[in-house]
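# Structural overview for review
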Amino acid sequence: MKWMKEQKRHENLTYLALWGMLFAVPVLSLYIRSVNNPTFDFEWKEVFMIWKQFGIFLVIFLIHNFLLAPLLVYKQRRALYFSIVAVIIGAFIAYQCTTRPPERRDFHHEPPPFEKMEKPHGQRPPMPREFKEHQRHRPPMIVGQHDIVALIILVLMLGMNIGIKLYFKSRHDTKQLLALEKENLEQQLEYLRYQINPHFFMNTLNNIHALVDIDPEKAKETILELSKMMRFVLYEGDKKKVPMGREFEFIRHYITLMQLRYTDKVDVQVDLPAEVPDCQLPPLMLVTFIENAFKHGISYQHDSFIHIKADIKDATLHFECKNSKADNPNKEKGGVGLANVKQRLNLLYGENYTLNIQDEPDTYNVELQIPLT
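Structural notes, computed from the coordinates. Here the residue numbering is sequential within each chain, running from 1 through the sequence in written order. Where local features are concerned, this predicted model is filtered to residues with pLDDT of at least 70; where side-chain atom pairs are given and counted, the filter is 80 or more; whole-chain, interface and lining totals use all residues. Just so you know, side-chain values use all the structure's heavy atoms and leave hydrogens and water out.

### Side note on the nonpolar core
We call a set of buried Ala, Val, Leu, Ile, Met, Phe, Trp, Tyr and Cys residues a nonpolar core when their side-chain atoms join them within 4.5 Å. Each residue's exposure class comes from its accessible area (1.4 Å probe, protein chains only) as a fraction of the maximum for that residue type: buried when under 20%, exposed when over 50%, partly exposed otherwise. The biggest cluster of nonpolar side chains holds 44 residues, and the ones touching the most others in it are Ile290, Phe294 and Phe319. Counting residues per element, the ones that place at least two in this core are helix H6 (216–236), helix H7 (244–259), strand S2 (266–271), helix H8 (286–297), strand S4 (304–313), strand S5 (316–324), helix H9 (336–349) and strand S7 (363–371). Helix numbering and strand numbering both begin at the N terminus, where a helix is a DSSP run of H or I of at least 4 residues and a strand a DSSP run of E of at least 2. A per-element tally of this core places H7 first, with eight residues. Those residues in contact with Ile290, other than ones at most four positions away along the chain, are Ile251, Tyr254, Ile255, Ile308, Phe319 and Cys321. In what follows, a contact means two residues having at least one pair of non-hydrogen atoms within 4.5 Å.

### Section: the packing of aromatic side chains
Classification of ring pairs rests on two measures: the distance between centres of Phe, Tyr or Trp rings, Trp counted by its six-membered ring, which must be within 6.5 Å, and the angle between planes, read as stacked under 30 degrees, edge-to-face over 60 and tilted in between. A complete count under the given rule lists 14 aromatic pairs for this structure. Consider the rings of Tyr167 and Phe168, whose centres lie 5.2 Å apart with planes at 75°: the pair is edge-to-face. When its relative accessible area of 48% is taken as the criterion, Tyr167 is described as partly exposed. Taking the relative accessible area as the measure of exposure, Phe168 reaches 7% and is therefore buried. With a centroid separation of 6.1 Å and an interplanar angle of 80°, the aromatic rings of Tyr254 and Phe294 are classed as edge-to-face. Residue Tyr254 is located in helix H7, and its partner Phe294 is located in helix H8; the two are separated by 40 residues in the primary sequence. Summarising the burial analysis for this pair, Tyr254 and Phe294 share the class buried. Members of the aromatic cluster, connected to one another through ring pairs, are Tyr15, Trp19, Phe23, Phe42, Trp44, Phe48, Trp51, Phe54 and Phe61. Only Lys NZ and Arg CZ are tested; either one counts as a charge over a ring when it is within 6 Å of the ring centre and within 35 degrees of the ring normal. In this structure, Arg33 is placed above the aromatic ring of Phe40, and the distance from its NZ or CZ to the ring centre is 4.3 Å.

Structural measurements only, silent on function.
Next comes the structure, spelled out in structure tokens:
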């Protein structure tokens, strides 16, 4: 509603400016003529005569703008619109013809008195009576040049009115479409965030469950780390973006939690910048790739590795997560996390990001570049 009122106000201001300039033209024209020609007197009577003619167009414009144009532009009632406009144009033509000022008598219709006088020798004799009678009884012109020009101006005025209304309607429709797209985007991101949290904690609780039987002390430490992570998810996870430093801190807690479960055979290397700029990232996005690496890249039969690196260059975050592949990778159905993060990247960054995933027989490498704001 606010946009519609704003659009209507701008549209009415446009009409007011156009008609204001139109009514100012005769005043300025006569003023300039009076300044340039000392013998010419500026008379408001002539201005009012012109304004009277403009007033007819103004009345038709107001009727068309507030009553007729909405039928075509907003209600799509074309037949009714064109029928009424045709009636108005017909009435306008009739008005122009009936109020046309009387034409001046032509030289050939009725000769002036001096032509009835005796002509000097050698001058052309007067016209025959038959020809003069034929000229005198010529039928009057029904539609003159003045009427045609007025009709053309009227049609152009109505077309201009329709054009301006269509322009502002198009602007309103574009803003409304963008608002709907933004609302849809926010709803999709909200849905994806609600998907991430249960999925993430489901995997984490599975890890804690495994530690309870293997090493109860480590399970206790894991629960403490999980509480720190839950605090982040509770207060930051529902936001659109979080500070980069908080996201990196969450990643460190997660890796600490996961390392409690595995032995030294798993080579985990983390290279995250200690000092980061005041930039923001979507929460729980990078950790999805790390979670996927722990889930599918750890082997209990041979040495495994997970290498995580993040760097900032030219206002762009360069993130890389490379891991070995297990002999029997986790076949759990779903894959919500990775598909989710890809969809979030598309919604948030469009084509302004680079995601390169190399799935080799022995390794799995993810390279992500996103712009920082």
